[in-house]
Amino acid sequence: MFKVGITGNIGSGKTLICEVFASLGVPIFNADLEARKLMNTDPGLQKDIISLLGPESFIDGHLNAPYISSLVFQNKHLLQSLNALVHPCVQDAAASWFNMLPRFNPYAIEEAALLFESGSYRLLDYIIV
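Model, not experiment: these values are computed from the prediction.

### As for helix H5 (residues 76-100)
Phase 1 of the analysis: The end-to-end C-alpha separation of H5 is 36 Å, in line with the 36 Å expected for 25 residues at 1.5 Å each.
Phase 2 of the analysis: Its axis deflected by about 25° at Ala84, H5 carries its strongest bend there, up to four residues before the proline Pro88.
Phase 3 of the analysis: Along H5, the residues classified as buried are Leu78, Ser81, Leu82, Val86, His87, Val90, Gln91, Ala93, Ala94, Trp97 and Phe98.
Phase 4 of the analysis: The secondary structure elements touched by the buried residues of H5 are strand E1 (2-6), strand E2 (28-30), helix H2 (31-41), helix H3 (43-53), helix H4 (65-72) and strand E5 (107-111).
Phase 5 of the analysis: Structurally, the start of H5 carries an N-cap: the backbone nitrogen of His77 is 3.0 Å from a side-chain oxygen of Asn75.

Now the structure itself:
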């Protein structure tokens, strides 16, 4: 099975193209959705985020996205540090997801806005930009 990545800027049509592929039965892994899920459910990742950004990062166990955004989008170092925590978890989830797929699939797709920046492209056979 070929592992294909789809990436591009916001509004470039990644999700639309993935919806077309999904309607044809192609399995799709959405890295951005998985990142949000992991930040809300992975206790180790939550602990690391709190260590980096403080206890205000979560409210009642859920990601405080407005607070985090207000910090990381004004501080490049914090954004890089947060990405360094989240991206490896997403890459592990993607690898597990690909491994669980039936081998008869000719290909499956990972949709990710930061495919190159995260290093995830190295785990894929082809990239569509």
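### A look at the packing of H2 against H5
Phase 1 of the analysis: Interhelical geometry of H2 versus H5 gives an angle of 110° and a closest axis separation of 9 Å. With respect to each other, H2 and H5 are oriented roughly perpendicular. By crossing handedness, the relation of H2 to H5 is classed as right-handed. Residues Ala31, Glu34, Ala35, Leu38 and Met39 of H2 touch H5, and the partners they reach there are Val86, Cys89, Val90 and Ala93.
Phase 2 of the analysis: Residues that form the contact of H2 with H5 fall into these classes: eight nonpolar, no polar and one charged.

### Thoughts on the environment of Asn83
Phase 1 of the analysis: Along the chain, Asn83 falls in helix H5.
Phase 2 of the analysis: Placed 34 residues apart in sequence, Asn83 and Glu117 show a C-alpha to C-alpha distance of 9.3 Å.
Phase 3 of the analysis: Beyond its immediate chain neighbours, meaning those up to four positions away, Asn83 contacts Pro88 and Leu114.

### Considering the packing of aromatic side chains
The relative placement of two aromatic rings is captured by the distance of their centres and the angle of their planes.
Phase 1 of the analysis: Taken as a whole, this structure holds five aromatic pairs when the rule is applied.
Phase 2 of the analysis: Put simply, the rings of Phe29, Trp97 and Phe98 touch in pairs and so form one group of aromatic residues.

Thresholds applied
- Residues numbered from 1 in each chain as written.
- Predicted model: local features only at pLDDT ≥ 70, side-chain atom pairs only at ≥ 80, totals over all residues.
- Heavy atoms only, no water.
- Helix = DSSP H or I, 4+ residues; strand = E, 2+ residues; numbered from the N terminus.
- Expected span 1.5 Å × (residues − 1).
- Bend = angle between axes of the 7 residues up to and from the residue.
- Buried < 20%, exposed > 50% of the residue type's maximum accessible area, 1.4 Å probe, protein only.
- Contact = heavy atoms within 4.5 Å.
- Polar contact = N/O pair within 3.5 Å; in protein donor to acceptor, adjacent residues only side chain to side chain.
- Axes fitted to C-alpha atoms, helices over the stretch in contact; angles between N-to-C directions.
- Parallel < 35°, antiparallel > 145°, perpendicular 65-115°, else oblique.
- Left-handed = near helix turned anticlockwise from the far one by under 90°.
- Nonpolar A, V, L, I, M, F, W, Y, C, P; charged D, E, K, R; others polar.
- Phe/Tyr/Trp six-rings, centres within 6.5 Å; stacked < 30°, edge-to-face > 60°.

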